[in-house]
Amino acid sequence: MKWIFLFTAMACTPCLHAQDILKELQTKRSGEGTVTIHQPQEIATLIGEPAKPDSITGKKGMLKATGYRIQVYAGNNSRKAKEEAFKISTQVKEFFPDLPVYAHFASPRWLCRVGDYKSIEEADAMMRQLKATEVFKEVSIVKDIINIQL
């Protein structure tokens, strides 16, 4: 029985140590130097520390990364283009209610882009679904900064 307990304790030790590596590095010990780590919360989250909720909204944050979105509209710098971008964003929401839609001005034009895809294959699958509706004419995959839910 003692051997099973000892083996289990030894097997779990690396997992626990990996989760507390930042705290371990910053622990003060006599005869050793001091380590101070300055980093965004997102990095701590990626290596195992749980994300802390936003103090205002109570929701966990977003991580920004390079990825892909599908552009469904690109207009010019006019009021009509702005209205069209928001009209198309509403149409996308009607067909795909769970899909994130981003209608915004990126000088010198109004854009409507959808999705947050880490790979071009994921974006391509959604682009095919958008084209299949036969409502969206200007559909293409673009590289963009995407949001990743923590």
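Structure shown above.
One structure accompanies this document, and this report is about it. (Residues numbered from 1 in each chain as written. Predicted model: local features only at pLDDT ≥ 70, side-chain atom pairs only at ≥ 80, totals over all residues. Heavy atoms only, no water.)

Focus: the overall build of the protein chain
Part 1 of the argument: Looking only at helices and strands, the protein chain features 5 helices and 4 strands.
Part 2 of the argument: Burial statistics for the protein chain: of 150 residues in total, 25% are counted as buried.
Part 3 of the argument: Counting only contacts in the protein chain whose residues sit at least 6 apart along the sequence, the fraction spanning at least 24 positions is 65%.
Part 4 of the argument: A total accessible area of about 10,800 Å² is found for the protein chain, and carbon and sulfur atoms account for 58% of it. (Helix = DSSP H or I, 4+ residues; strand = E, 2+ residues; numbered from the N terminus. Buried < 20%, exposed > 50% of the residue type's maximum accessible area, 1.4 Å probe, protein only. Contact = heavy atoms within 4.5 Å. Areas by Shrake-Rupley, 256 points an atom, 1.4 Å probe, with all protein chains shown as cover.)

Observations regarding helix H4 (residues 79–95)
Part 1 of the argument: Here H4 is 17 residues long and its end C-alpha atoms lie 25 Å apart, about the 24 Å a rise of 1.5 Å per residue gives.
Part 2 of the argument: For H4, the full list of buried residues reads Ala81, Ala85, Ile88, Ser89 and Val92. The buried residues of H4 occupy one face: seen down the axis, they fall within an arc of 105°. Away from its buried face, by an angle of more than 90 degrees, H4 presents the exposed residues Arg79, Lys80, Glu83 and Glu94.
Part 3 of the argument: Close packing links the buried residues of H4 with strand E1 (62–74), strand E2 (101–106) and strand E3 (109–117). (Expected span 1.5 Å × (residues − 1). Arc of directions from axis to C-beta.)

Some details on the sheet that holds E3
Part 1 of the argument: The sheet built from 4 strands is open, its strands ordered E2-E3-E1-E4 with antiparallel pairing. Here the strands that pair on one side only, and so sit at the sheet edges, are E2 and strand E4 (140–149). When strand polarity is set aside, the average angle formed by the axes of neighbouring strands in this sheet is 40°.
Part 2 of the argument: In the sheet, E2 pairs with E3 via 6 bridges, with the strands oriented antiparallel. If you follow tyrosine 102 over to E3, its bridge partner there is arginine 113.
Part 3 of the argument: Here helix H5 (residues 120–132) sits on the sheet and contacts E1, E3 and E4; the angle it forms with E1, its principal contact strand, is near 30°. (Pairing = 2+ DSSP bridges. Axes fitted to C-alpha atoms, helices over the stretch in contact; angles between N-to-C directions.)

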